[in-house]
Structure formats: structure tokens, C-alpha cells
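# Breakdown of the fold
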Amino acid sequence: MPSNIELLPPLNAKCVRENGKQYYVDALGNRFPSVTTILNVTKPQEERDKLNNWKFRVGMEEATRISTTASRRGTQTHKQIERYLLGKNFDCPEASRPYWESIKPVLEEIDTVRLVEGSVFHYNKSYSGKVDCVASYKGVPCICEWKTSDKPKESIERLYEYPLQLTAYLGAVNDYYGEYGIKIDRALLVVAIPDREAEIFWFEPEVMQEYWEKWEKRVAEYWQRMGNR
């Protein structure tokens, strides 16, 4: 477990869902769309076609089963990771054990934990979300995201829009927690896979800046679409 836990003050927010969209509302009533909602609304048609083709190929019932199973295992694994990072004892459910065993060696390199499953708002850009973790990996401060998969991703191209999620959370953390001396410019994405070590994707500042510019365009597109409705 991490030897150093220095949690930042939490941003109290509640999650609400309306018409298939997710929002976070802060204590003052500010309500912003989540990162995932913005990405879903502005998803390129090519990506929508890929998803629809997959559903057609495997069948709607099987597609729903796969998605539900993936969501459940992801939630369970996240809970295990959260308890570990906060120094709490836990018993690992059998269903999530393969993913836990995969990612545990990476977690042993995590220290100086500042935020775990924390709500974040970017008030200037008008979006919100929940970041998996802000901590140091091998001594370097970064944004961390944990994913699960039944097979390796093998390349950044197969991460789809995960890097955009990372840069969105990075921007929100810096925007909200800047007064606490937080300035993050690197990100870590870890994919837990059964029966093998987790995949590690490390993003340097130059790459994160490129993704940030893409993310800004997606946010602008989202609000443009909302304004036209």
C-alpha cells in the first residue's frame, strides 16, 4: 500500500443522469456535462459506425451481455484499487481477482496519493468528471486511469478515446486544484488483463498537449450542438 497519502480537499458533487447523459452538480448548483457525455455526443461518425457494426455482428443481446460484464468487472476492480490506494483492508472477490493480480505490480509503484475517485470540475471550460487517481508513479506526479480488458490493447491507436479522457481530467485537476500547488503534465493509463501483467501507457507533456487541443475542440463542438437544440 502507498506509504504516503496526502489527500486534497474533495470537491463535493453529485452525479445525475438525464436522457442518457451524465452531469455533475457541485455544492453551489453548478451543473456541467461529464467528460464521457461530451465524448459520446461528439463521437465521430466513423467510430459510431464501428460500434454499430460490432453490435450487428455479435447481435444486440450478446453485445449487451459483453458491455454489462465489462462494466461490472471494471467497477469491482476500481473498488479494489481505491481501497488499496487509501490503505484500507479488503477481500478481493473471485471475479475480479485476475484483473487485480494483473494490475497490483503497477500499483506498488504508486505513491504520494492526492486524489482517489475524485470529482473534478473545469469551470472555465464547463465540464466535469471523476478522475481515478492523482498520485506519483515511480516518483513522477501524474493523472492515473485504470482500465480492464480481456485482451491486450497493444498500441495507443487501440485505446480509442481514453487519452482524451486523460487530458480532460488533467486539465480539470489543474484548473480546480491549482491553488494547492497542483500542476500535472503527465498521465498514466493502465490496462489490467487476466493471466498477464497489466499494460502500461505513459504520456509525456508534449503528447498530452496535443490531446488537450483535440479535447478543446470536442468541448466547443459539444456546446455548439447544445446551443443548436
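Relevant structure appears above.
Structure report, in brief. (Residues numbered from 1 in each chain as written. Predicted model: local features only at pLDDT ≥ 70, side-chain atom pairs only at ≥ 80, totals over all residues. Heavy atoms only, no water.)

Along the chain, the regular secondary structure elements total six helices and eight strands. What you see in the chain, going N to C, is helices and strands ordered as β-β-β-α-α-α-α-β-β-β-α-β-β-α. Taken against the 2.2 N^0.38 rule, which gives 17 Å for 229 residues, the C-alpha radius of gyration of the chain at 18 Å falls within 12% of a compact globule. With the C-alpha coordinates aligned to their principal axes, the bounding extent of the chain is approximately 50 × 50 × 35 Å. For the chain, with 229 residues in total, the buried portion stands at 44%. Contacts spanning at least 24 positions in sequence make up 64% of the contacts within the chain whose residues lie at least 6 apart. Accessible surface, the chain: about 12500 Å² in total, of which carbon and sulfur atoms supply 46%. Here the chain carries 33 positive and 34 negative side-chain charges, and the mean point of each set is 6 Å from the other. (Helix = DSSP H or I, 4+ residues; strand = E, 2+ residues; numbered from the N terminus. Rg over C-alpha atoms; globule rule 2.2 N^0.38 Å. Buried < 20%, exposed > 50% of the residue type's maximum accessible area, 1.4 Å probe, protein only. Contact = heavy atoms within 4.5 Å. Areas by Shrake-Rupley, 256 points an atom, 1.4 Å probe, with all protein chains shown as cover. Lys, Arg positive; Asp, Glu negative; His and termini not counted. Charge placed at Lys NZ, Arg CZ, Asp CG, Glu CD.)

With that settled, the discussion passes to the nonpolar core. One recurring pattern in soluble globular proteins is that nonpolar side chains are buried together. If you look at the biggest cluster of nonpolar residues, it comprises 39 residues, and the most contacted ones within it are Tyr127, Val131, Ile143, Val173, Phe203 and Trp215. For this core, the elements supplying multiple residues, two or more each, are strand S2 (21-26), helix H1 (35-41), strand S4 (110-122), strand S5 (127-137), helix H5 (162-177), strand S7 (187-192), strand S8 (199-203) and helix H6 (205-227). Top element by residues in this core is H5. It accounts for eight residues. By size, the runner-up hydrophobic cluster in this structure holds 22 residues, among which are Leu85, Leu107, Ala135 and Cys144. (Core = buried A, V, L, I, M, F, W, Y, C linked by side-chain atoms within 4.5 Å.)

This next bit is on the pairing of S8. Remark: a regular strand shows side chains that alternate across the two faces of the sheet. Covered by surrounding structure in S8 are Glu199, Phe201 and Phe203 only, the residues Ile200 and Trp202 on the alternate face being uncovered. Across five bridges, S7 lies against S8 in antiparallel orientation. Paired with Val190 across the bridge in S8 is Ile200. A loop of six residues connects S7 with S8, the two strands running antiparallel in sequence, and Asp195 in this loop sits at a positive phi of about 65°. (Pairing = 2+ DSSP bridges.)

Taken in spatial order, the five strands make up an open sheet running S4-S5-S6-S7-S8, and their pairing is mixed. One side of each edge strand has no neighbouring strand; the edge strands of this open sheet are S4 and S8. Taking each pair of neighbouring strands and ignoring which way they run, the sheet shows an average axis angle of 30°. Of the strand pairs in this sheet, strand S6 (residues 140-148) and S7 are connected by six bridges, and their pairing is parallel. Counterpart to Trp146 in the pairing with S7 is Val190. (Axes fitted to C-alpha atoms, helices over the stretch in contact; angles between N-to-C directions.)

Further remarks concern the environment of Thr112. Its place among the elements puts Thr112 in strand S4. Aside from chain neighbours lying at most four places away, what touches Thr112 is Asn4, Glu6, Val134, Ala135 and Ser136.

Right, let's talk about H6 for a bit. Compared with an ideal rise of 1.5 Å per residue, which puts 23 residues at 33 Å, H6 spans 33 Å between its outermost C-alpha atoms and is within 8% of the ideal. Residues of H6 that are buried: Met208, Tyr211, Trp212, Trp215, Arg218, Val219 and Tyr222. (Expected span 1.5 Å × (residues − 1).)

For the rest of this paragraph, the subject is the packing of aromatic side chains. Counted under the stated rule, the structure contains 11 aromatic pairs. Taking 5.6 Å as the distance between ring centres and 65° as the angle between the ring planes, the aromatic pair formed by Tyr84 and Trp100 counts as edge-to-face. Of this pair, Tyr84 sits in helix H3 (residues 60-85) while Trp100 is found in helix H4 (residues 97-107), placing the two residues 16 residues apart along the sequence. Consider the rings of Tyr176 and Tyr177, whose centres lie 4.8 Å apart with planes at 85°: the pair is edge-to-face. (Phe/Tyr/Trp six-rings, centres within 6.5 Å; stacked < 30°, edge-to-face > 60°.)

Turning our eyes to something else, we now look at the pairing of S5. Counting buried positions along S5 yields 10 of 11 residues, so the element is predominantly enclosed. Here S4 runs beside S5; their pairing, made up of nine bridges, is antiparallel. Within S5, the position partnered with Gly118 by the bridge is Val131. Between S4 and S5, which pair antiparallel and follow one another directly, the connecting turn spans four residues, one of which, Ser126, has a positive phi of 60°. Examined bridge by bridge, S5 and S6 share five bridges and lie antiparallel to one another. By the bridge assignment, Val134 is partnered in S6 with Ile143. Counting the residues in the hairpin turn of S5 and S6 gives two residues, including Lys138, whose phi is positive at 55°.

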